[in-house]
Amino acid sequence: MTLCFVMSLFHSCTQSASNPNKDLTAEAFAGFVNEQYGLDADDIRRCIINLVKKDNDSTQTDWLARKLYKDNKRLLWIDTYGIGDKADTLISHLKNVGGIGFSEKSFYIADLENDIQRIRSLDFDDRANKINELMARVEYKLTKAYLRYCIGQQFGFTNPYKYLNRLDPANEDTTAKVKEYRHLFDIPMKRPDDDFYAKALNMANAEELGAFLCSVEPQNAYFNELCAKLATERNAKRRWLLLCNMERQRWKRTEANDNPKGRKVVVNIPAFRLYAYSPDSTMEMKVGCGATKTKTPLLTSEINRMDINPLWNIPMSIIKKDVAPHAGNSHYFTSRRYFIVDRNTGKIISPANVTSSMLRSGQYRVSQEGGEGNSLGRIIFRFDNKFSVYLHDTSSRKFFEQNVRSVSHGCIRIERPFDFAQYLLGDDEDEWKLDRIRISMDLEPKTERGLKHVSDTTKSRRLINSVKVEPKVPLYIVYQTLFKTSEGKWEEYKDIYGYDAVMRKQLEPFVASNNKNDK
């Protein structure tokens with residue numbers, strides 16, 4: 001099908017002026033019925049498919065643009081009147097990408113403006129600017145730029161589920177082909193779905209396109225503050241620091257259930273700090289987290305229980321590396337209060353009767369008795385997660401004197417465990433319950449009843465084993481190398497796990513041409 005029409009400027013002038021062409025008849029346009037100005041919808045689609053085949057771009061939305069034109073003959077920006085004003089609406093929004101640190105080139109702005117100007121001034125030729133090839137080029141680039149912008153601004157230009165969960169091989173054998181990776185990111189987030197794609201595509205031709213583009217832009221106060229800092233920052237490294245943390249603010253985290261008392265706990269891994277928020281105050285303390293080979297996963301959950309003097313079930317990775325070589329050495333096990341259990345029968349096995357291969361087989365559990373000297377310390381705070389990581393006390397208190405505290409196998413060690421327990425239970429908690437926790441942890445009691453109890457040497461100091469946290473307190477384990485403290489100050493932290501470096505590679509297609517000297 002060939003559509004022959006006269007190209008003209010498609011924006012109506014707002015000024016009132018007489019129209020010198022008001023009396024023109026159809027015969028006056030007869031000379032324009034020329035193949036050079038004839039739109040062929042099928043030819044445009046063929047040209048687009050050729051562009052799709054040659055397109056190797058790999059940002060997260062480029063595959064969607066390619067799939068759209070492979071599966072659907074629908075054109076988003078071109079109609080029988082050529083290129084309408086929706087393209088101008090989109091380009092006006094795209095021109096703001098410099099303000100978020102991105103390159104206009106990554107959104108084809110100059111190319112689109114030049115090609116659209118050619119179309120509107122009828123500047124076609126028989127070489128690279130044939131009308132249908134030019135229309136196809138504009139259609140495809142508008143769609144790619146549109147999807148990059150609206151999906152990136154609404155959900156983030158990177159997908160941490162993909163690149164963080166394919167970062168660390170689960171198998172330590174570096175010579176083997178990687179078949180499985182450690183799961184490092186498990187924060188529930190909103191991601192673009194079919195409904196959002198359908199809405200975005202429908203909006204491309206809707207009067208509400210401008211409002212839609214405004215609606216996808218981040219509505220986050222922290223994002224706006226970082227964006228303002230970016231506007232005046234000239235140092236390349238600090239610009240990347242800002243860009244990475246701005247991207248994290250785009251991610252739309254699915255929040256945990258609200259705590260009725262307005263409490264929540266945030267652990268920021270790079271800061272090695274825990275922030276326990278209440279409506280009118282914030283408690284902070286130092287934490288330790290997973291080493292670079294055994295990173296603490298990022299997740300969202302709810303703290304629901306605390307166990308006092310917990311048993312430590314030693315992870316298999318530690319058994320294989322540190323415990324199995326001492327198989328048969330009873331002194332090694334008894335001095336550390338380790339015991340061995342047959343998983344099939346539940347019976348305790350004498351250390352003298354096990355071999356290294358038996359321990360490495362996974363058929364035996366090695367545990368450490370609770371109490372003084374236990375690696376989990378005197379209290380552990382539990383929350384549902386698929387990694388078997390928790391917040392807990394530690395028997396190595398000097399650990400908190402270190403500036404870099406990434407040494408664990410994934411769990412988080414906290415500096416002031418009793419203070420944290422008291423925070424979780426709330427200000428109106430029964431003092432005797434708190435004293436029972438203190439006494440069980442070998443801390444000094446505060447009540448007369450507690451003092452009387454510990455003065456009687458015949459009475460056990462194990463008064464309480466487990467306490468429910470009711471209501472549950474939301475927990476967020478996050479990774480932010482720029483973090484706003486409770487005092488309202490932005491603090492910068494070292495990229496201990498290298499996540500900023502990985503994210504930078506994901507963002508470079510949008511940024512690189514703006515920052516040629518950032519290497």
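Residue positions are given per chain, counting from 1 as you read along its sequence in written order. In keeping with the predicted nature of the model, local features appear solely for residues at pLDDT of at least 70, side-chain atom pairs appear and are counted solely at 80 or more, and the whole-chain, interface and lining totals rest on all residues. For side-chain calculations, the full set of non-hydrogen atoms in the structure is used, while hydrogens and water are omitted.

## Details of the overall build of the chain
Argument step 1. Strands are runs of DSSP state E lasting at least 2 residues, helices are runs of H or I lasting at least 4, and numbering of each runs from the N terminus. Looking only at helices and strands, one finds 17 helices and 20 strands in the chain.
Argument step 2. Principal-axis analysis of the C-alpha atoms gives the chain an extent of 115 × 55 × 40 Å.
Argument step 3. Burial analysis of the chain (519 residues in total) assigns 49% to the buried set.
Argument step 4. When contacts within the chain are restricted to residue pairs at least 6 apart in sequence, those whose partners lie at least 24 apart make up 70%.
Argument step 5. For accessible areas, the Shrake-Rupley method is used with a probe of radius 1.4 Å. Any residue's cover is judged against the shown protein chains and nothing else. Accessible surface for the chain amounts to roughly 26,900 Å². Of this, 47% is attributable to carbon and sulfur atoms.
Argument step 6. If the 80 positive side-chain charges of the chain are averaged to one point and the 69 negative ones to another, these points end up 6 Å apart. Throughout, exposure labels follow a simple rule: accessible area from a 1.4 Å probe, protein chains only, divided by the maximum for the residue type, with under 20% read as buried, over 50% as exposed, and the rest as partly exposed. Any two residues whose heavy atoms approach within 4.5 Å are treated as being in contact. Charge convention: Lys and Arg are scored as positive, Asp and Glu as negative, and His as well as the terminal groups of each chain are ignored. Note that the charge is assigned to NZ on lysines, CZ on arginines, CG on aspartates and CD on glutamates.

## Things to note about the sheet that holds strand β10 (residues 312-313)
Argument step 1. Any two strands with at least two DSSP bridges between them are considered paired. Spatially, β10-β13-β11-β12 is the arrangement adopted by the 4 strands of the open sheet, whose pairing is antiparallel. Looking at which strands have only one partner, the edges of the open sheet turn out to be β10 and β12 (348-349).
Argument step 2. One ladder, built from 2 bridges, connects β10 with strand β13 (residues 364-368); its direction is antiparallel. Bridge pairing in β13 places N313 opposite S367.

## As for the pairing of strand β14 (residues 379-383)
Argument step 1. For β14, the tally of buried residues reaches 5 of 5 residues, placing the bulk of the element in the interior.
Argument step 2. On β14, burial covers both faces: I379, F381 and F383 on one face and I380 and R382 on the other are all buried.
Argument step 3. Looking at chain direction, strand β9 (residues 298-308) and β14 are connected through 5 bridges and run antiparallel. Bridged to I308 within β14 is I379.

## Some words on the confidence of the model for the chain
Argument step 1. A residue's pLDDT is the confidence the predictor assigns to it, expressed on a 0 to 100 scale. Predicted confidence across the chain gives a mean pLDDT of 89, with 90% of residues reaching 70 or more.
Argument step 2. Strand β15 (residues 391-392) holds the highest mean pLDDT among the elements of the chain, 98, whereas strand β1 (residues 2-4) holds the lowest, 42.
Argument step 3. Counted against residues more than four places away or in other chains, residues 1-19, with its pLDDT under 50, gives 32 contacts.
Argument step 4. Note that pLDDT drops below 50 for residues 514-519; the model gives that stretch 10 contacts with residues more than four away or on any other chain.

## Concerning the nonpolar core
Argument step 1. Definition of nonpolar core: a set of buried residues of the types Ala, Val, Leu, Ile, Met, Phe, Trp, Tyr and Cys, connected through side-chain atoms within 4.5 Å. In terms of nonpolar packing, the biggest core is built from 137 residues, with Y146, L391 and F420 touching the most fellow members.
Argument step 2. Counting residues per element, this core draws most heavily on helix α5 (residues 131-155), which supplies 14 residues.
Argument step 3. Leaving out residues up to four positions away in the same chain, Y146 has contacts with W77, L90, A200, M203, A204, L209, F212 and L213.
Argument step 4. In terms of nonpolar packing, the next biggest core, distinct from the first, is built from 9 residues, A271, Y275, Y277 and Y493 among them.

## A few points about the packing of helix α4 (residues 109-120) against α5
Argument step 1. Contact pair α4 / α5: the axes reach a minimum separation of 10 Å and the direction vectors enclose 145°. Regarding α4 and α5, the two cross each other, and that crossing is left-handed. Across the interface between the two elements, D111, L112, D115, I116, R118 and I119 from α4 touch L134, M135, R137, V138, K141 and L142 from α5.
Argument step 2. Under the scheme applied, nonpolar residues are Ala, Val, Leu, Ile, Met, Phe, Trp, Tyr, Cys and Pro; charged residues are Asp, Glu, Lys and Arg; polar residues are all the others, including Gly. Classifying every residue of the contact of α4 with α5 by side-chain character gives 7 nonpolar, no polar and 5 charged. For helices, the axis comes from a line fit to the C-alpha atoms of the stretch in contact; other axes are also lines fit to C-alpha atoms, and the angle between any two N-to-C directions lies between 0 and 180 degrees. Handedness of a crossing is defined here by the sense of rotation of the near helix relative to the far one, left-handed for an anticlockwise turn of less than a right angle and right-handed for a clockwise turn.

## Examining the environment of G98
Argument step 1. If you trace the backbone, G98 turns up in the loop between α3 (85-94) and α4.
Argument step 2. Separated by 185 residues in sequence, G98 and M283 have C-alpha atoms that sit 38 Å apart.

## Thoughts on unusual backbone geometry
Argument step 1. Residues E470 and P471 are joined by a peptide bond in cis, for which omega reads -5°.
Argument step 2. Here P471 lies in strand β18 (residues 466-478).
Argument step 3. Backbone geometry at F272 places phi at a positive 55°, although glycine is not the residue there.
Argument step 4. Among the structural elements, F272 can be located in the loop between β6 (264-268) and β7 (273-278).
Argument step 5. The buried category is assigned to F272, whose relative accessible area is 5%.

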